[in-house]
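Secondary and tertiary structure notes
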Amino acid sequence: MSETGLVLGGGGLTAYAWETGMLAGLAEAGVDLGGAEVLAGTSAGSLLALELAAGAEPADLYEEQVNRERALLEVDFTLGMTVRYLWAALGSRDPDRVVERLGRLALSVRDVPEADVLDAIRPLLPVTAWPERTLRFFATDALTGRTTGLDAGSGADLPRAMAATCALPPLFPPITVGEGRWMDGGVRSTANVDLMSDCRRVVALAPIPKGPGASPGAVAQGAALAAGGARAVVLVPDREARRAFGRNPLDPSRVPGAARAGRRQAAAYADRVRAVWHG
């Protein structure tokens, strides 16, 4: 059982930016979450978890986003892709059935080689070997529907594990790890907070609190952890932050505003986070 776990949800460029702002603002308020024993992420949140594990300071990551000094992976998730994703995600009220449908969508992507996904991911990584810190990238097996945290013991090298957690269908194909074909863990849940039951204290940042349709919400997952005996809090964007995000989470012009919104909002959460982290 680990003492502290930090969960960083997915949601594209604006999600990553908001999370850097939240972490920087909380650190300024005396709650530095970067030292968590377990760092876990889904999709874009996995990249931020890796950067923290590699020693990056929240304030520096925030400044990069505000000043747009370092671009993340910019992709064109087309209207057609959005329609196909939503058709799969909204086609059932059963969460397991939704994951199954999205798995089939992922497996239908045959015009993008896995190698191309890895080539796109590698330049974003601050390191290419697993750090000593405990690090998990949530991904879902398109073949079985199982979601887990890929880590140093999963049989995947770090770039491949990162590619898997970022392999959102139908933009990218699932990534092969062992006998599995792994896709973005966000197809199950935007943050997968409930998969942190081995931590006594959990703080989760969920830029998108809930995915479409039957996808479970991050706040409810945090409540389930708390009901099981953990101390847990889930931080979500307020109305002003959501306005800063805009409608397209992959719009790079929205990044500075999303980062500033996170830093501003951190002050309102500081006492709740402190009570979990240090209480």
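Residues numbered from 1 in each chain as written. Predicted model: local features only at pLDDT ≥ 70, side-chain atom pairs only at ≥ 80, totals over all residues. Heavy atoms only, no water.

Within an unreviewed UniProt entry, the label attached to the chain reads Patatin, and the organism entered is Streptomyces fungicidicus.

Time to look at the layout of surface pockets. One simple way to see leftover space: roll a probe sized like a water molecule over the atoms. Computed from the structure, the largest pocket encloses a volume of approximately 1,100 Å³. As for the largest pocket, its lining consists of 44 residues, of which G11, G12, L168, I208 and P249 are closest to the centre. Looking at the lining of the largest pocket, the elements with two or more residues in it are α1 (12-28), α2 (44-53), α4 (79-89) and α9 (239-245). At five residues, α1 tops the list of elements feeding residues into the lining of the largest pocket. Its residues placed into classes, the lining of the largest pocket shows 27 nonpolar, 12 polar and five charged. (1 Å grid on protein atoms, 1.4 Å probe; cavity = no way out; pocket = protein on both sides within 12 Å on 5 of 7 lines; lining within 4 Å. Points joined across faces, edges and corners; volume = space filled by probe spheres on them. Helix = DSSP H or I, 4+ residues; strand = E, 2+ residues; numbered from the N terminus. Nonpolar A, V, L, I, M, F, W, Y, C, P; charged D, E, K, R; others polar.)

The axes of two packed helices give the description: the angle between them and the distance between them. Between helix α6 (residues 114-121) and helix α7 (residues 158-165), the least distance of the axes is 9 Å, while the angle of their chain directions is 105°. Overall, the two elements α6 and α7 adopt an arrangement that is roughly perpendicular. For the pair α6 and α7, the contacting residues are E114, V117, L118 and I121 in the first and P159, R160, M162 and A163 in the second. A class-by-class count of the residues in the contact of α6 with α7 yields six nonpolar, no polar and two charged. (Axes fitted to C-alpha atoms, helices over the stretch in contact; angles between N-to-C directions. Parallel < 35°, antiparallel > 145°, perpendicular 65-115°, else oblique. Contact = heavy atoms within 4.5 Å.)

One pass over the structure, following the stated rule, counts one cavity of 30 Å³ or more. Roughly 40 Å³ of volume is contained in the largest cavity. Elements supplying a minimum of two residues to the lining of the largest cavity: α4 and α5 (95-107). Counted by class, the lining of the largest cavity contains six nonpolar, three polar and no charged residues.

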